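The residues making up each chain are set out below.
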Amino acid sequence: MKAGDVRDTIVQMLHEYTQVEVYRSGQVSPEPKIPYIIYSVTSPYQPEATPGHFETVLENEETYLYRRERAGMSLSFTACSQNRENNGIKIQGEDEAMELAEKVQGWFLFVGRAELSAAGIVVEDVNNVQSRNVLMIDEEANRYGFDVLVRYIREDSRTAGTVEKATAKGKKL
């Protein structure tokens, strides 16, 4: 599995669970509909202190070399909201952002843990939710977030050369 596949799987599952848009931070895009979740991949590849598992496989008369290892990926998630009125109901952005961040955190701790495991991704560590508020000109953007460490099997492969003809030289006994 590649780091991009891990990220895309997590984002898709998280969107389906929360029914809230999940955006990559730092992207130029129109103003998103509130509430929303932003994420960043803080470290796409964290190796373990092993050389990995090597395997040679013959497939369709072609030889392939594989290297597999248990790799880690660190992601940061932030739930965003603002104070506003919706159909005459006052919504407190601070509360909405905190509740959404806790919902996302809970997904990684319970429902998402099982769903991701079935997809080959293991949730290793989920940090505490904390305030990530920012001042936006004249109003504060309400943000709460946390970090997650996941593990997956990284696989690299290449074709191996083939030996067409071999000659052995040696002494006669």
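Residues numbered from 1 in each chain as written. Predicted model: local features only at pLDDT ≥ 70, side-chain atom pairs only at ≥ 80, totals over all residues. Heavy atoms only, no water.

(A) The arrangement of the environment of Gly72 in detail. Position of Gly72 relative to the elements: it lies in strand S4 (residues 62–81). Note: C-alpha distance between Gly72 and Pro44 (28 residues apart in sequence) is 7.3 Å. In this view, Gly72 contacts Ser43, Pro44, Tyr45, Gln46, Leu149, Val150, Arg151 and Tyr152; residues no more than four positions away in its chain are not counted. (Helix = DSSP H or I, 4+ residues; strand = E, 2+ residues; numbered from the N terminus. Contact = heavy atoms within 4.5 Å.)

(B) Molecular detail of the pattern of salt bridges. All chains considered together, the criterion is met by 11 salt bridges. Between Glu69 and Arg67 there is a salt bridge, with its nearest N and O atoms 3.1 Å apart. As a salt-bridge pair, Arg132 and Asp147 come within 3.1 Å of each other at their nearest N and O atoms. One end of the pair, Arg132, is in the loop between strand S8 (130–131) and strand S9 (134–136); the other, Asp147, is in strand S10 (residues 139–159), with 15 residues separating them in the sequence. On the basis of relative accessibility, which here comes to 23%, the residue Arg132 falls in the partly exposed class. Judged by relative accessible area, which is 26%, Asp147 ranks as partly exposed. Salt bridges linked by common partners bring Glu48, Arg70, Glu124 and Arg151 together as one network. (Salt bridge = Lys/Arg side-chain N within 4 Å of Asp/Glu carboxyl O. Buried < 20%, exposed > 50% of the residue type's maximum accessible area, 1.4 Å probe, protein only.)

(C) Here's a closer look at the packing of helix H2 (residues 93–109) against helix H3 (residues 111–118). Interaxial distance between H2 and H3 falls to 3 Å at its minimum, and their mutual angle equals 50°. Classified by the interaxial angle, the pair formed by H2 and H3 is oblique. Contact residues: Gly106, Trp107, Phe108 and Leu109 in H2; Val111, Gly112, Arg113, Glu115 and Leu116 in H3. Grouping the constituent residues of the contact of H2 with H3 by class yields 5 nonpolar, 2 polar and 2 charged. (Axes fitted to C-alpha atoms, helices over the stretch in contact; angles between N-to-C directions. Parallel < 35°, antiparallel > 145°, perpendicular 65-115°, else oblique. Nonpolar A, V, L, I, M, F, W, Y, C, P; charged D, E, K, R; others polar.)

(D) Main features of the side chain of Thr18. Its location among the elements puts Thr18 in helix H1 (residues 3–18). Residues within four places of Thr18 in sequence aside, it is in contact with Ile37, Leu100, Lys103 and Val104.

(E) Up close: the packing of H1 against H2. For the pair H1 and H2, interaxial distance at closest approach is 11 Å and the crossing angle is 120°. Put simply, H1 runs oblique to H2. Crossing of H1 over H2 shows right-handed handedness. Here Ile10, Met13, Leu14, Tyr17 and Thr18 of H1 come into contact with H2, specifically with Leu100, Lys103, Val104, Trp107 and Phe108. Counted by class, the contact of H1 with H2 contains 8 nonpolar, 1 polar and 1 charged residues. (Left-handed = near helix turned anticlockwise from the far one by under 90°.)

(F) The arrangement of the packing of aromatic side chains in detail. Per the stated rule, a full pass over the model turns up 8 aromatic pairs. A ring pair is formed by Phe77 and Phe108, whose centres lie 5.2 Å apart and whose planes are at 45°; its orientation type is tilted. Placement of Phe77 in strand S4 and of Phe108 in helix H2 is noted, with a sequence separation of 31 residues between them. Classification of Phe108 by relative accessible area gives buried; the value is 0%. Between Trp107 and Phe108, the aromatic rings sit 4.9 Å apart at their centres with planes inclined by 80°, giving edge-to-face as the arrangement. Aromatic rings pair up to connect Tyr17, Tyr39, Phe77, Trp107, Phe108 and Phe146 into one cluster. (Phe/Tyr/Trp six-rings, centres within 6.5 Å; stacked < 30°, edge-to-face > 60°.)

(G) Broad picture of the nonpolar core. Residues Ile10, Phe77, Phe108, Leu116, Val148 and Val150 are the most contacted members of the largest nonpolar core, which totals 33 residues. For this core, the elements supplying multiple residues, two or more each, are H1, strand S2 (36–46), S4, H2, strand S7 (121–126) and S10. The contact partners of Ile10, leaving out residues within four places of it in the chain, are Leu75, Phe77, Trp107, Phe108, Leu116 and Val150. (Core = buried A, V, L, I, M, F, W, Y, C linked by side-chain atoms within 4.5 Å.)

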